[in-house]
Amino acid sequence: MKWNQVEGNWEKFKGEVQQQWGKLTNDDMDVIHGKRKELAGRIQARYGKAADQVEKDIDTWLTRHH
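Residues numbered from 1 in each chain as written. Predicted model: local features only at pLDDT ≥ 70, side-chain atom pairs only at ≥ 80, totals over all residues. Heavy atoms only, no water.

Caption draft 1: Seen up close, the pattern of salt bridges. As enumerated under the stated definition, the model contains 6 salt bridges in all. Between Glu-11 and Lys-14 there is a salt bridge whose closest N-O contact spans 3.4 Å. Here Glu-11 pairs with Lys-14, and both are found in helix α2 (residues 10-20), just 3 residues apart, close to one helical turn. We classify Glu-11 as exposed; its relative accessible area is 56%. One salt-bridge network, held together by shared partners, links Asp-28, Arg-42 and Arg-46. (Salt bridge = Lys/Arg side-chain N within 4 Å of Asp/Glu carboxyl O. Helix = DSSP H or I, 4+ residues; strand = E, 2+ residues; numbered from the N terminus. Buried < 20%, exposed > 50% of the residue type's maximum accessible area, 1.4 Å probe, protein only.)

What follows is the structure in structure tokens.
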């Protein structure tokens, strides 16, 4: 799946994103609003992970949801 599909259907996917990254709050989800860079930044902040690891985690999540 491509990220633009997630962005275009954010309301559908945000529950799955929040299930994957449970430390993200509803406020985080409103700020992210389908933007990958925002998601990556919020995951980094909440989980203390490096940017490259977060990008890999997002890519892995995308491949599981195609």
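Caption draft 2: Spatial organisation of helix α5 (residues 51-64). When the terminal C-alpha atoms of α5 are compared, their 20 Å separation across 14 residues agrees well with the 20 Å that a helix rising 1.5 Å per residue should span. Inspection of α5 places Val-54, Asp-57, Ile-58, Trp-61 and Leu-62 among the buried residues, and these make up the whole buried set. Buried residues of α5 fall within an arc of 140° about the axis and therefore sit on the same side. Away from its buried face, by an angle of more than 90 degrees, α5 presents the exposed residues Lys-56 and Thr-63. (Expected span 1.5 Å × (residues − 1). Arc of directions from axis to C-beta.)

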